[in-house]
Amino acid sequence: MELREYDLNMGPQHPSTHGVLRLKLAVDNEVVLGVEPVLGYLHRGMEKLWESLTYTQVVPLTDRLDYIAALSNNLGYCLAVEKLAGIEVPKRARYVRVVLAELQRLASHLAWLGFMANDIGAMSVLLYAFEAREDVLDLFEEYCGARLTIHGIRIGGAVRDLDTPLVSRIRAVLERIPKRLEDVRALLDENRIWKERTVGVGRIAAAAAIDYGLTGPGLRACGLAWDMRKDIPYSSYDDFAFDVPLGTNGDVYDRYLVRLEEICQSIRIVGQALDGLPGGEFTAKVPRVLKIAPGEVFHTIEAPKGVLGFTVRSNGTDKPERVKMKSPSFINLQALDHMCRGNLFSDVVGILGSLDIVLGEIDK
Amino acid sequence: MPEDQADRPELRELLAALAGRFAGAVLASVVDEGELSVRLSKDALASALRFLKEEAGFNALEDIAAFDNLGSAAEGGQRFTVVYRLGKFPGALRARVAVDVGEGESLASAVPLYRSADWAEREAFDMFGVRFEGHPDLRRIYMPDEFEGHPLRKDFPLAGRTGGA
Amino acid sequence: MSDGFEKAPFLLTKADLFITWAQKNSLWPFGSGLACCAIEMIATAAARYDIARFGMELFRASPRQADLFIVAGTVTNKMAPVLRRLWDQMPDPKWAMAMGNCAIGGGPFPTYSVLQGVDKIIPVDVYVAGCPPTPQGLIHGLMTLQEKIARSHPTKEILAPHARRPS
C-alpha cells in the first residue's frame, strides 16, 4: 500500500488551536506541505457593532478582542480616540497607563507561556505560569474589580488612580515573579526535549517576516528591533529605560526566549513608572457626551501580540463613523503557512503556540 | 502619541517626488504630524505603491481599511474609499494612500508587492464587496462562502438580514 | 416523574444515590472553549482554583470521552452546526453548561453573525452568568449542576429508555 499526500483537518474544535481556528493541512507522510487557516468561527461583528455605540461604550467591547490582554486593546483604542478628539492626557495618567499596560503584558506573556508549554507537553509549566498570572490578576481585581475583561483604561485616563496600598502590592508581586520565571527557565531552557521540539522549528527569515507583515516578538526573534514603544512612543514610554530583546534565528525557540526576556523588561518598566509617578491631575476632562468633529486617525501601540492599530473615523456625532482595527494576530497568522512548510505535522502545534495568537482579535 | 513628531522634511520631498512621477493622479495631499497622506486616482494605485515600496523604502504595509461612504459627504464622491497605511521601519515614517472606488469596480491587488495584503484584501472583499484584481485567491474570510451580502456596508442591518438568530 | 419516585422500590433509590454520587464527582468536561470565557475556565482548572477538587480536571478533547459540555464563549452562526455535531457525538448521560453571557443569550453581541444563546441548539442544564464568570462563579455553577445531578434518577433511564430526556 502506497501512502499518498493527504489533507488533514484540524479544528475548529481542537485543544491546541488557541480558540476556534480551523487549519487545513496538506501533509505528505508527516511532512507539512501547506497550511491554510479558515477563520470566522468567532466573527462577532465587532466593527459593525461599534458604529452603533458611542465612543465611550466601545471601550468595554475592545476588551473582548485580545481577551488575554484586555488593557492593551483599551489603550490602543483610547489613544486613537484621544488623538482624534485632541484630548491631552495628563502625565500622571500616562504613567498609570504604562503600569497597567506592562502588567497586562506580563499577564499575557505568562498565559502564552502556559499554553505553549502545555501544547508541547510540559503541563507543569501551565500550572506554574498560571499561578504567577493569578498574582497579577489579583492586582487587576483590586484595581477595578475585573480579572480578565478589565477596561480599566478609559478615554482621558483610567478608571482610578493608583493608591499607596496598591502600589506596594504591585511591587510585592513584581518581586515574586522573577523567582517563578527562574523555575520555568530551569525546566525548559536547556531541556533536551524542549530544545529538540523548538530549536530550528518554524523558522522564518527576516525579509520574509517583513513581507508577511509580522510584528511583535515573532518579528523581533528574527533580529529586527522594531518595537512601537521605541519607534513611535506613546503614553510617555520614552521616559523609561528598557531593552528590546532580540533573537537571531526566527525559530520557535527564539520566540520563546524573546517573550521571556520581555517579561523581565516589563517588570523593569513598571518599577520605573511607580518610582517616577508624577503628581498633578490624574485624568483629562472629557465631556460626558463626547462628540468628535469629522476626521480620521490611525494610531498604533505595541501590544503583547504585536503592533495593534486602530483607525477611527469620526463624523461629528457621538458615535464613530468607522473603527477599523489592525489586528496583530490576524496578520501574524498569515505567516503560519510559511513557517510550517517542511516541518513535521507534530510541529504545527508548537509553531502555532509560538505565534501567540488570539482568535478574538483575529476574527473580531 | 507622537506629540513632538514635527513635520519630517523627507515626507515633503517624497510628496514632491510622488506628485512629479504621478502627475494628475495625486488628487489631494497633506503632510501632517509625521505622516504623508495622499488621495490617488485608482488607476495609479499599483504603480504608486510600487514606487513607495521600492524607491521610497516603505517596506511595511501596516493596514488596509475600507470605508463605505453611503450617507456621508465623501471627499472622493464614490461609494467606497480604501485606505492603505504604509510604514517605513526603521525610521518610523508613515504614509496614508487613499483611493476611491465605486460599487462593482475593482482595485489592483497589493499582494504582488506586500504579502501581508492577502488577508486584508479578502477582509475588505468580505465586508464591503470591494474586488481586487490580481489577488491570488479572492474569497470571503470571515463569513461562510454561501453568505449573501457584505456586512460592513451601511445599508446592511446590524442584526443581519434573517433578523438575527 | 414525581409519582414514579414514590413508587420506586428501595433498591432503585439506593442505586440512584450511588450512581448520581459517582456521576457528579467525576464529571469529565468537554471544554468547548470558544472565546474569553475559555480563559477563565482554564484558570479554574489551574492550580489556584483547582477544579480537580471536584474530580473534573480531566478536560477531554474528544466529545466521545466527556459528559459535561461547557460552552464557554460566543457561539457564532458559523460555529453553531459544529457545536451541535459535537453535542450529538457525546454519549449519554450528558449535561450542558452555558458559561458566560454570550452562551446564555448572545452577550453583548446582537449582531448578524452571533447565535443569541446556545440553548437554541442544545438543551442547557445550568446557566452561569458573567462576562466572563469568575472562577468562583464557574465553580458555583458546577456545584449547582452537581446538585441537579443528585436530584436525578438514572435508574429510570436505564430501565425505561423511552423515558430518556429529549436531546
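Above this text sits the structure in question.
A. Representation of the overall build of chain C. For chain C, the count of helices and strands is 7 helices and 4 strands. Mapped from its N terminus to its C terminus, chain C presents α and β elements in the order α-α-β-α-β-α-β-α-β-α-α. Scaling as 2.2 N^0.38, a compact globule of 167 residues should have a C-alpha radius of gyration of about 15 Å, and chain C matches this with 16 Å. With the C-alpha coordinates aligned to their principal axes, the bounding extent of chain C is approximately 50 × 35 × 25 Å.

B. The interface of chain A and chain C, seen in detail. Contact residues are listed per partner, giving 31 residues for chain A and 32 residues for chain C. Taken together, both faces of the contact between chain A and chain C bury some 2,800 Å²; the carbon and sulfur share is 66%. Of all residues in chain A, the largest losses of buried area upon contact with chain C belong to Q13, Y41 and R44 of chain A, amounting jointly to 22% of the total for that side. Where chain A touches chain C, the interface holds 4 salt bridges. Here D135 of chain A and R48 of chain C are joined by a salt bridge, their closest N and O atoms 2.9 Å apart.

C. Inspection of a nonpolar patch on the surface at higher detail. All names here are of chain A. On the surface, L127, Y128 and L187 cluster together to form a nonpolar patch covering roughly 230 Å² of accessible area. Summarising the element assignment, L187 is placed in helix α6 (residues 164-188). The partly exposed category is assigned to L187, whose relative accessible area is 36%.

D. Broad picture of the packing of α6 of chain A against helix α11 (residues 252-275) of chain A. All names here are of chain A. Taken N-terminus to C-terminus, the directions of α6 and α11 make an angle of 165°; their axes are 11 Å apart at the nearest point. Regarding the angle of α6 to α11, the classification is roughly antiparallel. In terms of crossing hand, the pair formed by α6 and α11 is left-handed. In contact with V167, I170, R171, L174, I177, P178, L181, R185 and L188 of α6, α11 contributes Y256, L257, L260, E261, I263, C264, I267, V270, G271, L274 and D275. Across the contact of α6 with α11, the residue classes break down as 15 nonpolar, 1 polar and 4 charged.

E. Inspection of the interface of chain A and chain B at higher detail. Contacts between chain A and chain B engage 43 residues on the former and 44 residues on the latter. With both sides pooled, the region where chain A packs onto chain B buries about 3,800 Å², and carbon together with sulfur makes up 54% of that total. Inspection of the chain A/chain B interface yields 8 salt bridges. The partner of K154 of chain B in a salt bridge is E51 of chain A, with the nearest N and O atoms 3.1 Å apart. Summed over the shared surface of chain A and chain B, the result is 18 residue pairs in polar contact (both at pLDDT 80 or more). In terms of residues, the side of chain A that touches chain B owes the most to one element, strand β6 (residues 295-303) of chain A, which gives 5 residues. Of the residues in the side of chain A that touches chain B, the class split is 17 nonpolar, 9 polar and 17 charged.

F. Up close: helix α4 (residues 91-120) of chain A. Helix length check: α4 of chain A, at 30 residues, gives a terminal C-alpha distance of 43 Å against a target of 44 Å (1.5 Å per residue), a fit within 8%. Of the residues trailing α4 of chain A, G121 of chain A is marked for its positive phi of about 125°.

G. Quick peek at the packing of aromatic side chains. Using the criterion set out here, one finds 19 aromatic pairs over all chains in the structure. Ring centres of W50 of chain A and F310 of chain A lie 6.4 Å apart, and the angle between their planes is 45°; this geometry places the pair in the tilted category. Remark: F310 of chain A occurs in strand β7 (residues 306-314) and W50 of chain A occurs in helix α1 (residues 46-50); sequence separation between them is 260 residues. Arranged with centres 6.0 Å apart and planes meeting at 75°, the rings of F22 of chain B and F51 of chain B form a pair that is edge-to-face. Note that F22 of chain B is positioned in the loop between α1 (9-21) and β1 (26-32) and F51 of chain B in helix α2 (residues 45-55), a separation of 29 residues in sequence. For the pair F22 of chain B and F51 of chain B, a shared accessibility class is recorded, and that class is buried. Taken together, the aromatic side chains of W112, W194, Y253 and Y256 of chain A make up a single cluster linked through ring pairs. Geometry around W112 of chain A places R259 of chain A over its ring, the cationic atom sitting 4.9 Å from the centre. It is R322 of chain A that lies over the ring of F67 of chain B; its NZ or CZ is 5.8 Å from the centre.

Cut-offs and rules
Residues numbered from 1 in each chain as written. Chains lettered and ligands numbered in written order. Predicted model: local features only at pLDDT ≥ 70, side-chain atom pairs only at ≥ 80, totals over all residues. Heavy atoms only, no water. Helix = DSSP H or I, 4+ residues; strand = E, 2+ residues; numbered from the N terminus. Rg over C-alpha atoms; globule rule 2.2 N^0.38 Å. Contact = heavy atoms within 4.5 Å. Buried area = accessible area lost by both parts, 1.4 Å probe. Salt bridge = Lys/Arg side-chain N within 4 Å of Asp/Glu carboxyl O. Patch = residues over 30% accessible without salt bridge, like charges linked within 9 Å, V, L, I, M, F, W, Y side chains within 5 Å. Areas by Shrake-Rupley, 256 points an atom, 1.4 Å probe, with all protein chains shown as cover. Buried < 20%, exposed > 50% of the residue type's maximum accessible area, 1.4 Å probe, protein only. Axes fitted to C-alpha atoms, helices over the stretch in contact; angles between N-to-C directions. Parallel < 35°, antiparallel > 145°, perpendicular 65-115°, else oblique. Left-handed = near helix turned anticlockwise from the far one by under 90°. Nonpolar A, V, L, I, M, F, W, Y, C, P; charged D, E, K, R; others polar. Polar contact = N/O pair within 3.5 Å; in protein donor to acceptor, adjacent residues only side chain to side chain. Expected span 1.5 Å × (residues − 1). Phe/Tyr/Trp six-rings, centres within 6.5 Å; stacked < 30°, edge-to-face > 60°. Lys NZ or Arg CZ within 6 Å of the ring centre and 35° of its normal.

No statement about biological role is implied by the geometric values presented.
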